[in-house]
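Coordinate inspection notes
What follows is the residue order along each chain.
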Amino acid sequence: MVTRSTAHYFLEGLQEIGVEYVFCNLGTDHAPITEELARWKQERRSLPQVILCPHENLAMHMAAGYAMCTGRGQAVLVHVDVGTANAAMGMHNLYRTRVPVLLMAGKAPFTQRGELIGSRDTYVNFLQEPYDMTSLVRPYVKWAWELPSGIVIKEALQRAHMMTHTDPKGPAYLTIAREVLAAEHAREDVRSYPTQRHGPIQSRGVDDEAIESIAQRLLAARQPILITAYAGRNRATPVLIDELARFSGMRVYESNPVYLNVPHDSPCFAGFLAGDALHEADFGLLVDVDVPWIPSLTRENPDTWWAHVDVDVVKKDFPMWSFPGHLRVQADSYRVLARLLEVMQAKADVAYREDAKARLEILSKQRVAARSTAHAAAQPGAEGRINPSHVAAELSRVMGEDDILVHETITNIIPVLSQIRRNSPGTVFSNGGGGLGFGGGVALGAKLAHPDRKVFYVAGDGSFVLSGPTALFMVARQNGLPILTVVLDNCGWGAVKRATQRVYPDGAAQAVGAYQSFLGAETHYEKIADIANAYGERVEHPEQLRSALARCLVALDEGRSAILVVRMEPVEALSQQETA
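If you're wondering where the values come from, they're calculated on a predicted model, not measured in any experiment.

1. What to know about the overall build of the chain
Across its full length, the chain holds 20 helices and 21 strands. Relative to the 2.2 N^0.38 estimate, which gives 25 Å for 580 residues, the radius of gyration of the chain is 26 Å and therefore close to what a compact globule would have. Across its three principal directions, the C-alpha atoms of the chain cover 80 × 65 × 50 Å. Nonlocal contacts in the chain, meaning residues at least 24 apart in sequence, comprise 77% of its contacts between residues at least 6 apart. A total accessible area of about 24400 Å² is found for the chain, and carbon and sulfur atoms account for 52% of it. One way to put it: in the chain the 57 positive side-chain charges average out to a point 3 Å from where the 65 negative ones average out.

2. Observations regarding the side chain of Arg-453
Looking at where Arg-453 falls in the secondary structure, it is placed in the loop between α14 (439-449) and β18 (455-460). Here Arg-453 sits buried without a salt bridge, and the closest side chain of opposite charge, Asp-402, lies 4.8 Å off (N-O distance). A distance of 2.7 Å separates a polar atom in the side chain of Arg-453 from the backbone oxygen of Asp-402. Excluding residues that lie within four positions of it along the chain, Arg-453 makes contacts with Asp-402, Ile-404, Gly-426, Thr-427 and Lys-447.

3. A few points about helix α12 (residues 388-398)
Where burial is concerned, most of α12 is hidden: 8 out of the 11 residues are buried. Of the residues making up α12, those classed as buried are Pro-388, Ser-389, His-390, Val-391, Ala-392, Glu-394, Leu-395 and Ser-396. By the N-cap criterion, in which a side-chain oxygen at the helix start approaches the backbone nitrogen of a residue two or three places on, α12 is capped by Asn-387, the distance to Ser-389 being 3.0 Å.

4. Overview of unusual backbone geometry
The peptide bond linking Asp-167 to Pro-168 adopts the cis configuration, its omega dihedral lying at -10 degrees. Positionally, Pro-168 belongs in the loop between α5 (153-165) and β7 (172-177). A positive phi angle, close to 35 degrees, is found at Val-80, a residue other than glycine. Turning to its location among the elements, Val-80 is positioned in helix α4 (residues 80-97). Unlike most non-glycine residues, Cys-491 shows phi in positive territory, near 65 degrees. Inspection of the secondary structure assignment puts Cys-491 in the loop between β19 (484-489) and α17 (494-503).

5. Here we look at the sheet that holds strand β10 (residues 251-254)
Hydrogen bonds along the backbone pair up the strands of a sheet, which may run parallel or antiparallel. Ordered in space as β10-β9-β11-β12-β13, the 5 strands form an open sheet in which the pairing is parallel. This sheet does not close on itself; its edge strands, each paired only once, are β10 and β13 (327-330). On average, each strand axis in the sheet is tilted by 15 degrees relative to the strand beside it, whichever way the strands run. Relative to strand β12 (residues 305-310), strand β11 (residues 283-287) is paired through 5 bridges, and the arrangement is parallel.

6. Comments concerning the environment of Gly-284
For Gly-284, the position within the fold is in strand β11. Judged by its relative accessible area of 0%, Gly-284 falls in the buried class. In sequence terms Gly-284 and Met-1 are 283 residues apart; their C-alpha atoms lie 65 Å from each other. The contacts of Gly-284, once residues within four sequence positions are left out, are Ile-225, Thr-304, Trp-305, Trp-306 and Ala-307.

7. So, the pairing of strand β6 (residues 143-146)
Two faces, one strand: in a regular strand the side chains alternate between the faces of the sheet. Pairing of β6 with β7, which is carried by 4 bridges, proceeds in the parallel orientation. Bridge pairing in β7 links Trp-143 to Ala-172. Regarding the hand of the β-α-β motif, the stretch spanning β6, α5 and β7 is right-handed.

8. Looking at the pattern of salt bridges
Tallied over the full model, the rule gives 34 salt bridges. The salt bridge involving Arg-371 is made with Asp-265; its shortest N-O contact spans 3.7 Å. Within this pair, whereas Arg-371 is found in helix α11 (residues 350-377), its partner Asp-265 is found in the loop between β10 and β11, the two being separated by 106 residues in sequence. Taking relative accessible area as the criterion, Arg-371 reaches 28% and is therefore assigned partly exposed. Salt-bridge contacts for Glu-558 lead to Arg-560; the nearest nitrogen and oxygen are separated by 3.7 Å. Its relative accessible area of 24% is what places Arg-560 among the partly exposed residues.

9. Some remarks on the confidence of the model for the chain
Per-chain confidence: the chain averages 95 in pLDDT, with 99% of residues scoring 70 or above. A low-confidence stretch, residues 574-580 (pLDDT under 50), is modelled with 12 contacts involving residues beyond four sequence positions or located in other chains.

10. Details of the nonpolar core
Grouped together as the largest cluster of nonpolar side chains are 75 residues, with contacts concentrated most on Phe-23, Met-62, Val-76, Ile-227, Leu-444 and Phe-464. Counting residues per element, this core draws most heavily on helix α3 (residues 56-70), which supplies 10 residues. For Phe-464, the contacting residues outside a window of four places in its chain are Tyr-457, Ala-459, Pro-469, Phe-473, Thr-485, Val-487, Tyr-525, Ile-528 and Ile-563. Counting 65 residues, the second-largest nonpolar core is a separate cluster that includes Phe-272, Phe-283, Val-309 and Leu-341.

11. Quick look at α5
Spanning 13 residues, α5 covers 18 Å between terminal C-alpha atoms, matching the ideal 18 Å at 1.5 Å per step. Among the 13 residues of α5, 11 are classified as buried, and the element is accordingly described as predominantly covered. Of the positions making up α5, those classed as buried are Ile-153, Lys-154, Ala-156, Leu-157, Gln-158, Ala-160, His-161, Met-162, Met-163, Thr-164 and His-165. Residues of α5 that are buried sit in contact with α1 (6-16), β5 (101-107), β6, β7 and α7 (195-198).

12. Section: a nonpolar patch on the surface
Where nonpolar side chains cluster on the molecular surface, the patch consists of Leu-26, Val-50 and Leu-52 and spans about 210 Å² of accessible area. Looking at the element boundaries, Leu-26 is found in the loop between β2 (21-24) and α2 (31-42). Classification of Leu-26 as partly exposed rests on a relative accessible area of 36%.

13. Things to note about the packing of aromatic side chains
A full pass over the atoms with the stated rule returns 13 aromatic pairs. With a centroid separation of 5.1 Å and 65 degrees between ring planes, the pair formed by Tyr-21 and Tyr-66 is classed as edge-to-face. Here the residue Tyr-21 occupies a position in strand β2, and Tyr-66 occupies one in helix α3, the gap between them amounting to 45 residues. Each member of the pair, Tyr-21 together with Tyr-66, is buried. Between Phe-247 and Tyr-352 the ring centres are 6.4 Å apart and the planes differ by 40 degrees, which places this aromatic pair in the tilted class. Note that Phe-247 is positioned in helix α9 (residues 237-248) and Tyr-352 in helix α11, a separation of 105 residues in sequence. Looking at Tyr-352, the relative accessible area reads 5%, which means it is buried. By the ring-pair criterion, three or more aromatic residues cluster together here, those being Trp-293, Trp-306, Trp-321 and Phe-323. Across the ring face of Trp-40, the terminal group of Arg-45 is positioned such that the distance to the ring centre comes to 4.0 Å.

Rules of the game
Residues numbered from 1 in each chain as written. Predicted model: local features only at pLDDT ≥ 70, side-chain atom pairs only at ≥ 80, totals over all residues. Heavy atoms only, no water. Helix = DSSP H or I, 4+ residues; strand = E, 2+ residues; numbered from the N terminus. Rg over C-alpha atoms; globule rule 2.2 N^0.38 Å. Contact = heavy atoms within 4.5 Å. Areas by Shrake-Rupley, 256 points an atom, 1.4 Å probe, with all protein chains shown as cover. Lys, Arg positive; Asp, Glu negative; His and termini not counted. Charge placed at Lys NZ, Arg CZ, Asp CG, Glu CD. Buried < 20%, exposed > 50% of the residue type's maximum accessible area, 1.4 Å probe, protein only. Salt bridge = Lys/Arg side-chain N within 4 Å of Asp/Glu carboxyl O. Polar contact = N/O pair within 3.5 Å; in protein donor to acceptor, adjacent residues only side chain to side chain. Pairing = 2+ DSSP bridges. Axes fitted to C-alpha atoms, helices over the stretch in contact; angles between N-to-C directions. Right-handed = clockwise from strand over helix to strand, strands pointing away. pLDDT = per-residue confidence, 0-100. Core = buried A, V, L, I, M, F, W, Y, C linked by side-chain atoms within 4.5 Å. Expected span 1.5 Å × (residues − 1). Patch = residues over 30% accessible without salt bridge, like charges linked within 9 Å, V, L, I, M, F, W, Y side chains within 5 Å. Phe/Tyr/Trp six-rings, centres within 6.5 Å; stacked < 30°, edge-to-face > 60°. Lys NZ or Arg CZ within 6 Å of the ring centre and 35° of its normal.

Set out below in structure tokens:
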């Protein structure tokens, strides 16, 4: 009887669920997996590619970037409770962004005196066993389990795969003790569970009664709007949204967009802040969006009729969520919108089509005016105070239609997205969660998924620091994944300052100009490039920007990553109080 370790069946099980990459930060708990990987290499067996990540945050977000580009969730392997703790912020982001990833962690051995293979043999084995390790990520998982025996490893992996890829998608968590990984089992005792029989459940469409209700209201509307954030995860949806919007003369807003949801050259694209239009709207369509506007900053129209179409329409994981919806439909937005367009085309009479055409002409003029305003806003700025809009406009000038933008600019999100023109689905990615440090790993994951395309990662200095840049550029070099990182350096946390100003507009912080947001004016982030044969440059004057950007692109063409640090106006003046 041939027996193999659980680690062997673990690798087989990953292959059976379609895992191509395992993003790893390994530890003492993974000895059986390390041994099995080496044995498979000796036997010249194919196996999922292991990508070693010096930080778990990077591993999580690389897996996220690959999944966001391909729709195929990957695996992340971390070290017991400490690795899980480092991965927890990534789990928050992936859960809120609805990205399918399987996080797996070893557990400290449970035997102490050599009773089983893998028993405790080092100091940390006694320290890394909390009472409830899963509690570190419990709020941010769809499914969590501790593997009791290798007999069911393939069944557990298939269950995790089904859960992560079932709508709404999201991460899962599996823990395995070292003795369980090392235990031997006969091949005939470890069953496989084919995805064809045990696969995920995808959202479908909805009955025509709901579609007819939405169409009836839209046909009667004179000021319709659509707000979305992540409908573009399906690459076919942005074009469909544009077609529906053009047919009905409807404005489309992207609110905190995670993907590109509508071509930005569309006459119907109205920008990123729907709040200013709410008081005039008589019909509103929310499509795959979590926070369509900020209620405390918005004047809403109580007479607006709202429909909400979403893969996660009730937001069950948001303890408080009270945006309007006279009709809520939990379904695949592409199917719903496609059928809605068909019904609209069948029911629209000549008068409606003329009215919609007139609205579209107005929207076209407004879009031209908005582009003109954006162009005027892209003034260069001054030395040490380069305008972020100018930086984004220069990036837009050199980016190809299919190049990928990963943005994590936080307080500069509107200037950046207003200037960088994106029209192709799958060319914009952002964080649906609230944890900074998302963008670097996602950019590497996107480059892994699309090695033939340029990837631009644009971040504020605070976000860049939290991305773990040392680990980021080590992995980029080791795996041949060159990306261009642009750091908008305002020497601090702009969001901290702005939040204080909103809550206390006439407060003491405003009076003395100190917001506890200053990170330092002489931090040379571009020097990080030196650790990994990347190219780094810092720009102080706007006239230097274009040539510096050209040198960074040359580095990309050479297969090297590049870091371009652009000095902007400091987030706050360096006060005596803060230097004391």
